[in-house]
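One letter stands for each residue in the lines below.
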Protein chains: 2
Amino acid sequence: MTKDKALPKINGRKEVARSRIFAIESVDLTFSNGETRVYERMMGKSKGAVMVIPMLDDETMLLVREYCGGTHSYELGFPKGLVDEGEQAVEAANRELKEEIHYGARSIEKLHSLSMAPAFFDAHMDIFVANNLYPESLPGDEPEPLEIVPWKVSDYHSLLAQPDFKEARSIAALMLFVDSQKEST
Amino acid sequence: MTKDKALPKINGRKEVARSRIFAIESVDLTFSNGETRVYERMMGKSKGAVMVIPMLDDETMLLVREYCGGTHSYELGFPKGLVDEGEQAVEAANRELKEEIHYGARSIEKLHSLSMAPAFFDAHMDIFVANNLYPESLPGDEPEPLEIVPWKVSDYHSLLAQPDFKEARSIAALMLFVDSQKEST
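Residues numbered from 1 in each chain as written. Chains lettered and ligands numbered in written order. Predicted model: local features only at pLDDT ≥ 70, side-chain atom pairs only at ≥ 80, totals over all residues. Heavy atoms only, no water.

The name given to chain A in an unreviewed UniProt entry is ADP-ribose diphosphatase, with the source organism recorded as Thalassotalea agarivorans.

Spelled out as structure tokens, the structure:
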């Protein structure tokens, strides 16, 4: 099983491109069968990211609609953001709620952890579910207020049918949450 | 609703970094409230990507374990790949099956479509479910054969618990498929 197989040997790494927020390195690899490849990957020193499913009540999730530069479109998804230096993931989750939907949460529990395109990125994200919300705001760095969109958990099929709700991590979070609700009833 | 709100105006774009496989552009934006920002995004001319859940029989999915350069680890997920120029997504799905798990499929149906981190990427992926498999191989560009890992759909909770099965798009695909199976029974 490759699960237990030796990882490819990294013969060398070098930075090949850099912008304000991205840095790309090329990695010279020898696989355990002797094959060699030069791969590229995004260099990251991120502390990871968080995504939160905020529950306004037992049935109602809060989503945000936000401008996304990669697709030049407004997209619907759960509040999310990067973990700051010196911050725990659960603290980042509560901060993002206050910045993006103007609620804090008295209860936040981890649902699952995800990666994103590990062929190119080392991007770890923890998914949380937040309950017992109370009004509290923190200033965010968004250029405009995010639209806050309530959605019934029981209507998750209609959410999946929205053309602007298609981000893989938001869909994974939704479906893991729906599954956990079904399991617990 | 921002759903109907004017998109930010793109005042200018320029390439700020490029490597063999990545290109990054900076985009100068004015939001509808007058706020200005300079965002960065990955330039893509990709025809999109596909992921396939191949069913060996009514109960058994086939996954692959593959080296991922971004995390320098072997990761478990569904067969996937880019759509080639001049190829339809469904053709790419069948080609990837032949390259990665050495089966073709007599029946392939689209399950859902995803994006990935639309704040930075314009990355569209179609998820397919493949049935009626038959042995057929095509040479892939992988440096080593991929380990093929069968998994019962009914054991999806044990799959979610694997530390090497955590890619957001594979989790989204699994959970959407499990949900579609529950709906149809």
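Q: Explanation requested: the relation of the copies chain B and chain A in the structure shown.
A: Both copies of the chain are placed relative to one another by a rotation about an axis and a shift along it. Placing chain B over chain A gives an RMSD of 0.0 Å and needs a rotation angle of 180 degrees, together with 0.0 Å of translation along the axis. Such values leave the two copies arranged in the relation of a two-fold axis. Ranked by how close their C-alpha atoms come to the rotation axis, the residues of chain B are headed by B:A172, at 2.1 Å. Looking at chain B, 100% of its interface residues are interface residues in chain A too, so the copies touch through the same face. (Least-squares fit on C-alpha atoms with pLDDT ≥ 70 in both. Contact = heavy atoms within 4.5 Å.)

Q: Help me understand the domain arrangement of chain A, please; the structure alone is not making it clear to me.
A: As a measure of interface size, the accessible area lost when the parts come together is often cited. What the domain assignment reports for chain A is domain 1 (2-42) and domain 2 (49-184). For domain 1 of chain A and domain 2 of chain A, the distance between their C-alpha centroids amounts to 32 Å. (Domains from an automatic or database assignment.)

Q: In this structure, what is going on with the pairing of strand β4 (residues 49-54) of chain A? I would like to understand it.
A: Every regular strand shows the same layout, with side chains that alternate between the two sheet faces. Residue and element names in this part refer to chain A. Within β4, six of the six residues are buried, leaving the element largely enclosed by the surrounding structure. Burial of β4 is two-sided: the residues A49, M51 and I53 facing one way and the residues V50, V52 and P54 facing the other way are all buried. Looking at chain direction, β4 and strand β9 (residues 124-135) are connected through six bridges and run parallel. Among the inter-strand pairings, P54 is bridged to a residue of β9, identified as A130. (Buried < 20%, exposed > 50% of the residue type's maximum accessible area, 1.4 Å probe, protein only. Helix = DSSP H or I, 4+ residues; strand = E, 2+ residues; numbered from the N terminus. Pairing = 2+ DSSP bridges.)

Q: Even after reading the chapter, I still don't get helix α1 (residues 89-100) of chain A, so can you show me in this structure?
A: Because an α-helix completes one turn every 3.6 residues, residues spaced three or four positions apart along the sequence face the same direction. Residue and element names in this part refer to chain A. With twelve residues, α1 should cover 16 Å at 1.5 Å per step; its first-to-last C-alpha distance of 16 Å lies within 8% of that length. Here α1 lies mainly inside the structure; ten of its twelve residues are buried. Within α1, burial applies to A89, A92, A93, N94, R95, E96, L97, K98, E99 and E100. Of the surrounding elements, those touching the buried residues of α1 are β4, β5 (60-68), β7 (80-82), β8 (103-115), β9 and β10 (147-152). (Expected span 1.5 Å × (residues − 1).)

Q: Please explain the nonpolar core as it appears in this structure.
A: Grouped burial of nonpolar side chains is what soluble globular proteins tend to show. Among the nonpolar cores identified, the biggest contains 56 residues, and A:M61, A:L174, B:M61 and B:L174 are the most heavily contacted of them. Not counting residues within four places of it along the chain, the set of residues in contact with B:L174 comprises B:I53, B:M61, B:F78, B:Y156, B:L159, B:L160 and B:F165. (Core = buried A, V, L, I, M, F, W, Y, C linked by side-chain atoms within 4.5 Å.)

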